[in-house]
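What the coordinates show
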Amino acid sequence: VQLQASGGGLVQTGGSLRLSCATSVRTYNNYVMAWFRQAPGKEREFVAVLSRNGGSTSYADSVKGRFTISRDNAKNTVYLQMSRLKPEDTAVYYCAASRGAIWSSVAMTNAYNYWGQGTQVTVSS
């Protein structure tokens with residue numbers, strides 16, 4: 001499984017960006033899909049996750065109400081819509097996929113077998 005993340009960039013505080021994660025396989029009903037991020041000098045942290053059938057989502061408290069994860073099944077692409085961005089959202093964002101993750105573990109990096117290359121998001125103050 002190959003994941004290709006894109007859509008990062010430089011945006012001002014309060015702005016919006018949409019990240020995309022194109023996958024080489026159909027993920028609907030097959031893979032849990034997630035976004036993580038890693039700021040300089042910090043560990044990679046969970047941002048958002050989408051269940052295999054799209055019926056469930058979960059978000060980190062720091063992004064809840066501002067970010068939305070979604071999937072376009074026809075395009076084999078997962079999105080992360082980010083709004084009301086803050087300087088503390090600055091990080092490299094990674095998409096990840098797991099075929100076998102159980103829901104109680106989806107916020108953990110070791111639940112995921114496949115990772116994209118990352119896309120930089122910088123929010124200026």
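Read on for a plain summary of the structure. (Residues numbered from 1 in each chain as written. Predicted model: local features only at pLDDT ≥ 70, side-chain atom pairs only at ≥ 80, totals over all residues. Heavy atoms only, no water.)

The next thing to look at is the overall build of the protein chain. Scanning the protein chain for helices and strands turns up zero helices and eleven strands. Traced from its N-terminal end to its C-terminal end, the protein chain shows the element sequence β-β-β-β-β-β-β-β-β-β-β. Judged by the C-alpha coordinates and their principal axes, the protein chain covers about 40 × 30 × 25 Å. Each of the 125 residues in the protein chain was classed as buried or not, and the buried ones make up 43%. (Helix = DSSP H or I, 4+ residues; strand = E, 2+ residues; numbered from the N terminus. Buried < 20%, exposed > 50% of the residue type's maximum accessible area, 1.4 Å probe, protein only.)

The next point concerns the packing of aromatic side chains. Per the stated rule, a full pass over the model turns up five aromatic pairs. Aromatic side chains Y31 and Y114 sit 6.2 Å apart centroid to centroid with 75° between the ring planes, which places their arrangement in the edge-to-face category. Of this pair, Y31 sits in the loop between β3 (17-23) and β4 (32-38) while Y114 sits in strand β10 (residues 114-115), placing them 83 residues apart in sequence. With a relative accessible area of 29%, Y114 lands in the partly exposed category. Here F36 and Y112 contribute two aromatic rings whose centre-to-centre distance is 5.4 Å and whose plane-to-plane angle is 75°, an arrangement assigned as edge-to-face. With F36 in strand β4 and Y112 in the loop between β9 (91-98) and β10, the pair connects residues that are 76 residues apart, well separated along the chain. (Phe/Tyr/Trp six-rings, centres within 6.5 Å; stacked < 30°, edge-to-face > 60°.)

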